[in-house]
Amino acid sequence: MKYSIGEVSKLFDIPITTLRHYHNKGIFNAGYIDKGTGYRYYYSDQFELLNNILNLRYSRVPLDRIKEHTENGDITLLKTIFLEQKEELERTIKELECAKKSVEERLEYIEKVNIIPEFGKVLTQHVDENKIFTVDKVFYKECDLELLVRELGKRTNFSHSLTLGNVGLLMEPYSDYKKYIGIYLINKDFKDLLNVSIKSAGEYLTIYFKEKREESPKYYKILEKYIVDNKIEIEEFFYEMALVSTSISSTEKEYIRMIEIKKK
């Protein structure tokens, strides 16, 4: 029996455009083309081949390998194709698992920033230990910061992970709070241990504020005054981090930053 391209499309629940594409690629040719109308028709004895092609596509086998198999029909070649595809699918699954983990982390992160206790006030909070990778370099301008972030990504192979909650800035206490002394990436499985150190667990003086980075100096000064007034001994660095910025919200009033320093 002879079937039109539309009938085959309905029988196999595949788009007409896909059948045309298979024909143009030489993978599944029409059994008959009407010279007068140009309409394509298929014979029922071609359906087994189409089923085979669709099964291979379901396994994500590339079209060029499907064509090679259908033209050759060799079981050894088919085994090779499936072994290659198995490796490719395993890589894809690993990438999807990483992507899923990233989405879950971002959702968890958004929940955390929604329960920040107070803004503009010095708090004392316990912070767990974190492993950090640092790039020690003095910078002032935003453009310098972006270059350092790219350098950080290259040196740690975590370019895709340089998101909010991972990257922070380092600042010296008792300064004019305009000159940063480096940046850091936290809590990753770093292979290069040369610039890796521990951000130790303990009690941290912390302040949250809803402003852009350019407004950070005044919050450093609030922290500094609190430290001096209460005669608190502190560690050597302030850690500053954007918790909400353009990658989460396009609304400037929702931006959140945090500065913290460990008490001795």
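None of these values were measured; they are calculated from a predicted model. (Residues numbered from 1 in each chain as written. Predicted model: local features only at pLDDT ≥ 70, side-chain atom pairs only at ≥ 80, totals over all residues. Heavy atoms only, no water.)

Novice: For this particular structure, what's the right way to read the packing of helix α3 (residues 47-58) against helix α4 (residues 63-72)?
Specialist: As a packed pair, α3 and α4 sit with axes 10 Å apart at the nearest point and diverge in direction by 145 degrees. Crossing angle aside, the handedness with which α3 passes α4 is right-handed. Along the contact surface, α3 presents Leu49, Asn52, Ile53, Leu56 and Arg57, while α4 presents Leu63, Ile66, His69 and Thr70. Partitioning the contact of α3 with α4 into residue classes produces five nonpolar, three polar and one charged. (Axes fitted to C-alpha atoms, helices over the stretch in contact; angles between N-to-C directions. Helix = DSSP H or I, 4+ residues; strand = E, 2+ residues; numbered from the N terminus. Left-handed = near helix turned anticlockwise from the far one by under 90°. Contact = heavy atoms within 4.5 Å. Nonpolar A, V, L, I, M, F, W, Y, C, P; charged D, E, K, R; others polar.)

Novice: I'm lost on the sheet that holds strand β4 (residues 123-127) in this one. Help?
Specialist: Where strands meet in a sheet, backbone hydrogen bonds hold them as pairs that are either parallel or antiparallel. Sheet architecture is open: eight strands sit in the order β4-β9-β11-β10-β6-β7-β5-β8, paired in antiparallel fashion. Unpaired on one side and paired on the other, β4 and β8 (196-199) mark the two borders of the sheet. Averaged over neighbouring strand pairs, the angle between their axes works out to 40 degrees when direction is ignored. The sheet contact formed by strand β6 (residues 167-171) and strand β7 (residues 180-186) spans four bridges and is antiparallel. Considered in β7, the bridge of Gly168 is made with Tyr184. (Pairing = 2+ DSSP bridges.)

Novice: For this particular structure, what's the right way to read the pattern of salt bridges?
Specialist: Should the charged atoms of two oppositely charged side chains come close, the side chains can pair. Per the counting criterion, the structure on display carries 13 salt bridges. A salt bridge links Glu108 to Lys112; its shortest N-O distance comes to 3.8 Å. Within this pair, Glu108 and its partner Lys112 are both found in helix α5 (residues 75-113), separated by four residues, close to a single helical turn. A relative accessible area of 47% places Glu108 in the partly exposed class. Lys262 is the partner of Glu235 in a salt bridge, and the nearest nitrogen-oxygen pair spans 3.9 Å. Residue Glu235 is found in the loop between α7 (216-229) and β10 (238-244), and its partner Lys262 is found in strand β11 (residues 256-262); the two are separated by 27 residues along the sequence. Salt bridges linked by common partners bring Arg65, Glu68 and Glu84 together as one network. (Salt bridge = Lys/Arg side-chain N within 4 Å of Asp/Glu carboxyl O. Buried < 20%, exposed > 50% of the residue type's maximum accessible area, 1.4 Å probe, protein only.)

Novice: Got a minute to help me understand the packing of aromatic side chains in this structure?
Specialist: Working definition: an aromatic ring pair is given by the centre-to-centre distance plus the angle between the planes. Enumeration according to the criterion identifies 10 aromatic pairs in this entry. Seen from their ring centres, Tyr184 and Tyr239 are 5.3 Å apart, and the 85 degrees between their planes marks the pair as edge-to-face. Taken together, the residues Tyr184 in strand β7 and Tyr239 in strand β10 connect sequence positions 55 residues apart. By the burial criterion, Tyr184 is buried, and Tyr239 matches it. Each ring, one from Tyr220 and one from Phe238, has its centre 5.1 Å from the other, and the planes form 75 degrees; the classification is edge-to-face. Taken together, the residues Tyr220 in helix α7 and Phe238 in strand β10 connect sequence positions 18 residues apart. Residue classification places Phe238 among the buried residues on the basis of a relative accessible area of 1%. One aromatic cluster is present, built from ring pairs that chain together Tyr3, Phe12 and Phe47. Between the NZ or CZ atom of Lys2 and the centre of the ring of Tyr41, over which it lies, the distance is 5.1 Å. Note that Lys210 overlies the ring of Phe119, its terminal NZ or CZ placed 4.9 Å from the centroid. (Phe/Tyr/Trp six-rings, centres within 6.5 Å; stacked < 30°, edge-to-face > 60°. Lys NZ or Arg CZ within 6 Å of the ring centre and 35° of its normal.)

Honestly, it's all geometry; don't read function into it.
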